[in-house]
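Residues per chain are reported as follows:
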Amino acid sequence: MVEATTTQFKSNVKKALVDKQLQKALAGIKTGFVHNRKIASERLEEFEDLRDRARDIKTHTIQHLDAYLEIYQQNVEASGGHVHWARDETEAREIILAICQSVDAKTVTKGKSMIGEEIAINDYLEENGLEPIETDLGEYIIQLRGEAPSHIIAPASHVSKEQVADAFRETHKNLPAERSLEEPDELLAEARAMLRDKFINADVGITGANFLIAETGSSVIVTNEGNGDLTQTLPGVHIALASIEKVVPTLEDTTTLLRVLARSATGQEMSSYTTFSTGPRRAADLDGPAEYHVVILDNGRTDLLAGDFSEMLRCIRCGACLNHCPVYNSIGGHAYGWVYPGPMGAVLTPGLMGLDEAADLPQASTLCGKCEEVCPVRIPLPSLLRRWRDQVYVRDLGDWQTKWALKWWAVFAKRPALYHFFAGPKMQFLGWWARKKGHLKYIPSLKGWTRNRNFPAPQGKTFQQLWKEKRK
Amino acid sequence: MTVASPNSGPKVGLFVTCLVDLMRPSIGFAAIKLLEDAGCQIEVPESQTCCGQPAYNSGDRQNAKDIARLVVDAFEDYDYVVAPSGSCAGMIKEHYPKLFADDLEMTPRVYNLAQKTHELTSFLIDVMNTQDLTAKLEQKITYHDSCAGLRELGVKAQPRQLLAQVEGAELQEYEGAETCCGFGGTFCVKYSDISDHMVKQSVESLAETDAELVLGGDLGCLMNIQGKLSRLQDEGKETNLKATLKVRHVAEVLAGMIDTPPIGEADG
């Protein structure tokens, strides 16, 4: 199991910043996803209006979540499926294992699911003698490498193609040494060949769900590889894994959200495959599972619903805030230490794990606002980060140096006369000290600044001093 | 409080900002010249220090409120409040109302103040309709859009419309203009290495243009960018970084007050 390292954020960051392979990969995200989203959003005239509607749909649903979840459950059951409620990760794991054991399952194929990551379902199934196989290429790669995803829609975006080839050579037993694995196509063919048998022989297929539609009792997945479809239609049992905030009132609402989802995520108009699953296979269906289960996880979300962070439950997991975040683009996803990275992770992780476990995450942002600018459901991420900071301050979970430096600053900032009395001479001294070069290379009290940058010298007297002199 | 100009235009309170007060008063004087030329009567309340943003962004709401109250007291009677910073103007305009959301006495006062508070370049264009600046500058320039000004206040076109009036100034946009430089207030000290990584990207993007001068509307970001440029030049690491790339606040250029050395440079 990949242990959470949210409390070691600062050392994670140090490692990430000097990881050359990671830095190269991050540069790719910036040019790819960001560029494509820009084109896709500009091409659709009503994109900004759609974002408003998407926000409104999610806000409305979250305000009436209990009602929509009940309607959803009724409609799943009416179509012959089963809904299971899991209060936490332990309950979710046990429910899934029990379903698998009820059909004597040996192997389980998996579509991409962030909830699957959240409850670490693969580890649990393995511990209980089952073989879980990730079928999304990125997830498959990181499963082989024993890693957590570094991005919520591109889980292996930190891995180079050479590293993928290495992982395949290490784990694919029948792979001839002379087989070339240099080109992406060759890697894809190898993964496809390995996965084909797994798809056909799997006893249970687990997928995530981008949306749960209350009106129809359907679960919806979007993929670009078609792996999700094979995962949910070929095995005898399909388990869709979702969290409570994934429910959406109607099919019409779902299409509105789909129109902003792919554009925000990858810049596609739609993902290659959008698949709606409603109940198990019916008599006239050509394919589909004999059993259809939906496991709906709470895991702390109800608490968010009632508090200051309910807006976070609008998130549709597009990853745009990660792609556009200059902090994410500097340190990558693993540095955040758990399942959800970037701005959305910095807000959600403390909510799900507890602030004590992740107090650094909401601090590590310049609040530049780019995330809010691109969020398809207009989550005010910087405001939510500030709300966590309020709690970090009140509960004294931050670092004491900053806290006391700011308290000291406030002593002066609240007393203008005192402030101006001390500020003038101090600036004149600094200005005099730096007079030769116009900047300082080292200031003991500003080591964080001068470690990496020169400090431009003050001009000398403060504005208030000069203004006073001028008015005399 | 002293009245700076005898004319009868709107009465403007200049919110100097702590960084300009402490680090670079020339920006304050440039702002005053621009505002006076636009016909405003300027006052500079002495009871101002800081807008309270460092405390606000660090979760210290009590100190943020105490400081904000001082600002409200000092500035609420002016026709307008202008700051040579998108970040500080954004704090007053966008965040004071949130800070006092549960305070019935303060709410109308902060909304009143928020409505009449402006970032300098947007005030000159949107309110004063400044048309014919007399400044000259024979240089290739580029502009860094600071995050709060850009995203909280929508300041983008205004500084460019003003720079277009500066004779000889040739604006070349750079790709990273809208990307955060990594300053972020206390962030740049607390997460120095992430901040460094971000400012390096900004500086690399700047080096891709032919610009000789980087301008912006927020001194914090400009100090960060200049500090990095200067350090890289010291280290001699970046061969493509023109040692001639200088950094100034946009107000200095617009006011034609460029006799002081650029940010981080010595006299002579």
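Residues numbered from 1 in each chain as written. Chains lettered and ligands numbered in written order. Predicted model: local features only at pLDDT ≥ 70, side-chain atom pairs only at ≥ 80, totals over all residues.

> Honestly, the confidence of the model for chain B in this entry has me stumped. Any pointers?
Low pLDDT marks regions whose predicted coordinates should not be analysed in detail. Residue and element names in this part refer to chain B. Per-residue pLDDT for chain B averages 94, and the proportion of residues at 70 or more is 94%. Of the regions scoring below 50 in pLDDT, residues 1-5 engages in 13 contacts with residues more than four places distant in sequence or in other chains. Reported for the predicted complex are a pTM of 0.95 and an ipTM of 0.95. (pLDDT = per-residue confidence, 0-100. Contact = placed C-beta atoms within 7 Å.)

> Any chance you could explain the packing of helix 3 (residues 47-63) of chain A against helix 12 (residues 251-265) of chain A here in plain terms?
How two helices sit against one another is set out by the angle between their axes and by the gap between those axes. Residue and element names in this part refer to chain A. Viewed as axis vectors pointing N to C, helix 3 and helix 12 meet at an angle of 125°, and their least axial separation amounts to 9 Å. In terms of their interaxial angle, helix 3 and helix 12 are classed as oblique. In this structure, helix 3 meets helix 12 at a crossing whose hand is left-handed. Across from F47, L50, R51, R53, A54 and I57 in helix 3, the residues of helix 12 making contact are D253, T256, L257, R259, V260 and R263. Class assignment of the residues belonging to the contact of helix 3 with helix 12 gives a composition of six nonpolar, one polar and five charged. (Axes fitted to C-alpha atoms, helices over the stretch in contact; angles between N-to-C directions. Helix = DSSP H or I, 4+ residues; strand = E, 2+ residues; numbered from the N terminus. Parallel < 35°, antiparallel > 145°, perpendicular 65-115°, else oblique. Left-handed = near helix turned anticlockwise from the far one by under 90°. Nonpolar A, V, L, I, M, F, W, Y, C, P; charged D, E, K, R; others polar.)

> How do you make sense of the sheet that holds strand 6 (residues 170-171) of chain B when you look at a structure like this?
Strands pair in a sheet through their backbones, by hydrogen bonds, and they do so in one of two ways: parallel or antiparallel. Residues and elements named next belong to chain B. The strand order across the open sheet built from four strands is 6-5-7-8, with neighbouring strands paired in parallel fashion. Here the strands that pair on one side only, and so sit at the sheet edges, are strand 6 and strand 8 (246-249). Here two bridges tie strand 5 (residues 140-144) to strand 6, and the two strands are oriented parallel to one another. When the sheet's bridge partners are listed, I141 is paired in strand 6 with L171. Contacting strand 5, strand 7 (213-216) and strand 8, helix 12 (residues 219-235) runs over the sheet at an angle of about 170° to strand 8. (Pairing = 2+ DSSP bridges.)

> So what exactly am I meant to see when it comes to unusual backbone geometry here?
One can expect most non-glycine residues to show negative phi and most peptide bonds to be in trans. Positive phi values are uncommon outside glycine, yet D104 of chain A reaches one of about 55°. Structurally, D104 of chain A can be placed in the loop between helix 5 (89-102) and strand 2 (107-110). On the basis of neighbour counts, which here come to 7 C-beta atoms within 10 Å, the residue D104 of chain A falls in the exposed class. Of note in the backbone geometry, T17 of chain B takes a positive phi value of approximately 80° without being a glycine. You can see T17 of chain B is positioned in the loop between strand 1 (11-14) and helix 1 (18-23). Accessibility expressed as a C-beta count within 10 Å gives 29 for T17 of chain B, which makes it buried. (Buried ≥ 20, exposed ≤ 12 C-beta atoms within 10 Å, placed from the backbone.)

> Would you mind showing me how to read the sheet that holds strand 6 (residues 218-223) of chain A here?
Residue and element names in this part refer to chain A. With respect to topology, four strands assemble into an open sheet ordered 8-5-6-9, the strand pairing being mixed. Of all the strands in the sheet, just strand 8 (247-248) and strand 9 (273-277) have a single pairing partner and so form its edges. When strand 6 meets strand 9, the two strands line up antiparallel, connected through five bridges. Counterpart to V220 in the pairing with strand 9 is F276. Sitting on the sheet, helix 12 touches strand 5 (211-213), strand 6, strand 8 and strand 9, and the angle it makes with strand 5 is about 165°.

> Would you explain helix 9 (residues 161-171) of chain A in this entry?
Residues spaced three or four apart along an α-helix face the same direction, because each turn holds 3.6 residues. Residues and elements named next belong to chain A. Along helix 9, the residues classified as buried are V164, A167 and F168. Relative to the axis of helix 9, the buried residues are bounded by an arc of 100° and lie together on one face. In helix 9, the exposed positions that point more than 90 degrees away from the buried face belong to E162 and E170. Buried-residue contacts for helix 9 involve helix 8 (137-145) and helix 10 (184-201). (Arc of directions from axis to C-beta.)

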